[in-house]
Amino acid sequence: IWQADSGKELHSFQVVSKGWTYHAVFKPGVGRIAVGAHDGLLEMWDVPAGKKRTDFSGHNRAVNTLQFNRQGNRLLSAAIDKTARLWNADSGALIRAFGGPQFDSAAFSPDEKIMISGNDNGRAIIWEISSGKQLMVIKHSSGDRVRSAAFSPDGKKVVTAGEDGVAKIWEVRF
């Protein structure tokens, strides 16, 4: 932890991975962060204590994106091992795995019943979380990776951004 105005280090902890740390995100309402790394490592850290609290076992390649739901009890991860995963954020237990092409991003819908993934095949996929069913496939480009995909606050639109240098807004209906 660093003090922004002075640049002084206040507290640190070491994530041990066989590569880079790709993504870190704060858990809502608690002084914890989830960290994803190049080798598939996914951990929850207690920031004030500087201690690892939870291991999430399942990914075996780079974890590209992490997102907590609003309550902080669910964690969504997306990885290049061709899975996105929904976890119990407190216990580390796997709730559901979504399989497909390489996942570059994943995000909850506003009602948290649906998620969207950005994939390496130029597509974004909208999934029903409870069943794991694909509800819609959006063709962003003819093959460039979709690096980011997210829902609008009302859940009626999604935005995709890809390696083709373009961001697109899509109306979605289920």
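In this text, all values refer to a predicted model and were calculated from it rather than measured experimentally. (Residues numbered from 1 in each chain as written. Predicted model: local features only at pLDDT ≥ 70, side-chain atom pairs only at ≥ 80, totals over all residues. Heavy atoms only, no water.)

**Some remarks on the overall build of the protein**
Helices and strands together make up the secondary structure of the protein, namely zero helices and 15 strands. Here the protein has a C-alpha radius of gyration of 16 Å; the compact-globule value for 174 residues is 16 Å, and the two agree. The dimensions of the protein, computed from C-alpha atoms along their principal axes, are 45 × 35 × 30 Å. Each of the 174 residues in the protein was classed as buried or not, and the buried ones make up 44%. (Helix = DSSP H or I, 4+ residues; strand = E, 2+ residues; numbered from the N terminus. Rg over C-alpha atoms; globule rule 2.2 N^0.38 Å. Buried < 20%, exposed > 50% of the residue type's maximum accessible area, 1.4 Å probe, protein only.)

**Quick notes on the side chain of Asp81**
Its location among the elements puts Asp81 in the loop between strand 6 (74–79) and strand 7 (83–88). Summary of buried charges: Asp81 has no salt-bridge partner, and the nearest side chain of opposite charge, Arg85, is 4.4 Å away. A polar side-chain atom of Asp81 sits 3.0 Å from a polar atom in the side chain of His59. Engagement of the side chain of Asp81 in a polar contact is seen with the side chain of Thr83, the distance being 2.6 Å. Beyond its immediate sequence surroundings of up to four residues, Asp81 is in contact with Gly58, His59, Asn60 and Arg61. (Lys, Arg positive; Asp, Glu negative; His and termini not counted. Salt bridge = Lys/Arg side-chain N within 4 Å of Asp/Glu carboxyl O. Polar contact = N/O pair within 3.5 Å; in protein donor to acceptor, adjacent residues only side chain to side chain. Contact = heavy atoms within 4.5 Å.)

**Points about the pattern of salt bridges**
Under the criterion given, the structure shown has ten salt bridges. Between Arg145 and Asp104 there is a salt bridge, and its shortest N-O distance comes to 2.7 Å. Placement of the pair is Arg145 in the loop between strand 12 (134–139) and strand 13 (146–151) and Asp104 in strand 9 (residues 103–108), with a sequence separation of 41 residues. Given a relative accessible area of 21%, Arg145 falls into the partly exposed group. Two residues, Arg173 and Glu171, come together in a salt bridge whose shortest N-O distance is 3.4 Å. When its relative accessible area of 58% is taken as the criterion, Glu171 is described as exposed.

**A look at the sheet that holds strand 14 (residues 157–162)**
Spatially, 13-14-15 is the arrangement adopted by the three strands of the open sheet, whose pairing is antiparallel. One side of each edge strand has no neighbouring strand; the edge strands of this open sheet are strand 13 and strand 15 (167–171). Sheet twist, expressed as the mean angle between neighbouring strand axes with direction ignored, is 20°. Where strand 13 meets strand 14, five bridges bridge the pair, whose relative direction is antiparallel. (Pairing = 2+ DSSP bridges. Axes fitted to C-alpha atoms, helices over the stretch in contact; angles between N-to-C directions.)

**Some remarks on the side chain of Asn119**
Position of Asn119 relative to the elements: it lies in strand 10 (residues 114–119). Polar contacts involving the side chain of Asn119 include one to the main-chain carbonyl oxygen of Gln102, which spans 3.4 Å. Residue contacts for Asn119: discarding those within four places in its chain leaves Pro101, Gln102, Phe103, Asp104, Ala124, Ile125, Arg145 and Val146.

**Some words on unusual backbone geometry**
Although it is not a glycine, Lys82 adopts a positive phi angle of roughly 70°. Mapped onto the secondary structure, Lys82 falls in the loop between strand 6 and strand 7. One non-glycine residue, Glu112, lies in the positive phi region at around 65°. Within the secondary structure, Glu112 is located in the loop between strand 9 and strand 10. Look at Glu112 and you get buried, because its relative accessible area is 16%.

**Here's the deal with the packing of aromatic side chains**
Under the counting rule described, the total for this entry stands at three aromatic pairs. Ring centres of Phe56 and Trp87 lie 5.5 Å apart, and the angle between their planes is 75°; this geometry places the pair in the edge-to-face category. Taken as a pair, Phe56 in the loop between strand 4 (51–55) and strand 5 (63–68) and Trp87 in strand 7 lie far apart in primary sequence, 31 residues in all. By the burial criterion, Phe56 is buried, and Trp87 matches it. Three or more aromatic residues joined by ring pairs make a cluster, and in this case those are Phe98, Phe103 and Trp127. (Phe/Tyr/Trp six-rings, centres within 6.5 Å; stacked < 30°, edge-to-face > 60°.)

What is shown is where atoms sit, not what they do.
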